[in-house]
Amino acid sequence: MQSVLSASSVVLENSTLEPGHVILSDGIISKVSNGLYQGPIQNHQHFDGYTLCPGFIDLHVHGGLNCDFMDGTPEAFHTVCKAHLKHGTTSLLATSTAATMPSILKFLETCRASKKANWTDAAQVLGAHFYGPYFFPEARGCHPSEPIVAPTPEHFNSFLDFADTIITASVAPELPGAEAFVKACLEKNIRCNAGHSHATFSQVETAVHWGVRHVDHLFCAMSDRAKLRLTQTYPMRGGLFEATLFFNELTTEIIADGKHLADDLLRLAFKIKGPDSLALVTDANRALDMPDGPYIFGNKDEGCTILKHDGVGLMPDGKALASSVAGMDHCVRTMHHATNAPLPEIIRMASLTPAKIAGFDKTLGSITPGKIANLLLLDQYLHVSKIFLKGFPVSI
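All of the points below concern the structure found in this document. (Residues numbered from 1 in each chain as written. Predicted model: local features only at pLDDT ≥ 70, side-chain atom pairs only at ≥ 80, totals over all residues. Heavy atoms only, no water.)

Across the sheet, 8 strands lie side by side as β6-β9-β10-β11-β12-β13-β14-β15; this open sheet has parallel pairing. Edge positions in the sheet fall to β6 (56-61) and β15 (278-281), since each has one partner strand and no second. Where strand β14 (residues 251-255) and β15 come together, 4 bridges link them in parallel fashion. Paired with Thr252 across the strands is Leu278, a residue of β15. Relative to the sheet, helix α1 (residues 74-85) contacts β6, β9 (89-95) and β10 (124-130), its axis offset from that of β9 by approximately 140°. Most of the contacts of helix α4 (residues 178-187) go to strand β11 (residues 166-171), to which it runs at about 170°, and overall it touches β10, β11 and β12 (191-194). (Pairing = 2+ DSSP bridges. Helix = DSSP H or I, 4+ residues; strand = E, 2+ residues; numbered from the N terminus. Contact = heavy atoms within 4.5 Å. Axes fitted to C-alpha atoms, helices over the stretch in contact; angles between N-to-C directions.)

What follows is the structure in structure tokens.
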């Protein structure tokens, strides 16, 4: 079945059509053209004053609507994905937390099943972002301390049995066993990230040689010159932060919720890494779309208490950040306001760039013939007005 969507603006990878139209065939984009549609297809909708763009893709997201992926149930997965769809995320990587082996295995089992779900009212689970427990203890952030360990084959082989489900895996490169973990992941076509790390610049360089290609939430839970100077007075050394900016091989991500990072840091990240190497992520926890108050980050039996306050997640004492409570639409608006970059570049950081980082850019991430028709209509303020999953409208 063919249909046509046209809008005052259609955001492509590097440009906009004003106006433009998109022809869909059985949930796939078949043609993209400038101007209003004038052909014979009867099923044609025009959205005057709106912008049509690709659905957002979130590489790093934990929860929403009082559920966390680490709850490990099909219901929790569905609830989180429904919550994020309302914010324009049409595909995501379900992200774990530091936890005991049984909890992580339960998460992976449910993630494997959720990949096959044919939801029509929720974001698609592309797979898992294996995130913890291989963190540097002092950089664990709001993750519980008890499960934090260095990787060993005896510990990680059970997780790698889910190589059909794990898309990306994070590790602190300075940990003993990190090299073996990265190489074991790459042998199973799992992409590797550096994160929650106090690695030195040279340790990150070594990890790049192993095959690490992405860095979790730039500026957050990572070493830099100032942190490393606390352990060595001279010479001053660069850390994961400086290495991320330096190495072209490394892509990265930012939490553009307006709380984690000031506008000047968003501008710095954008200027140095650019829209093709910088993805927007939410890092949202279960407090997304919930009232202020205390919540559990991760599994309710093993996770840490955090506090939703003033539009962000905080540790209970209010002195440290603890994940985000914002959706991707909010991050897009924040990044656009902070950088004043062209809209196609902002949208790309929330769609095609994360699709490339996760390896799904052949089918997702842009309004291009042959790709799945996961599309959004944005109003003039970049609020999500309408969502299409595989070409079909979803009520939000």
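Additional details are given in the paragraphs that follow.
Another aspect to go through is the pattern of salt bridges. By the definition in use, this model includes 7 salt bridges. Here Arg286 and Asp71 are joined by a salt bridge, their closest N and O atoms 2.8 Å apart. Here Asp71 lies in the loop between β8 (67-68) and α1 and Arg286 lies in the loop between β15 and β16 (293-297), a separation of 215 residues in the sequence. Owing to a relative accessible area of 1%, Arg286 belongs among the buried residues under this scheme. The class of Asp71 is buried, set by a relative accessible area of 17%. With a closest N to O distance of 2.6 Å, Lys183 and Glu179 form a salt bridge. Residue Lys183 and its partner Glu179 are both found in helix α4; the two are separated by 4 residues, about one turn of the helix. (Salt bridge = Lys/Arg side-chain N within 4 Å of Asp/Glu carboxyl O. Buried < 20%, exposed > 50% of the residue type's maximum accessible area, 1.4 Å probe, protein only.)

Right, let's get into the sheet that holds β16. Reading across the sheet, the 3 strands line up as β16-β17-β18 and stay open at both edges, with antiparallel pairing between neighbours. Looking at which strands have only one partner, the edges of the open sheet turn out to be β16 and β18 (312-314). Put simply, the sheet's adjacent strands are angled 40° from each other on average, direction ignored. One ladder, built from 3 bridges, connects strand β17 (residues 304-309) with β18; its direction is antiparallel. Along β18, the bridge assignment pairs Leu307 with Leu314.

Nothing here speaks to function; it is geometry throughout.
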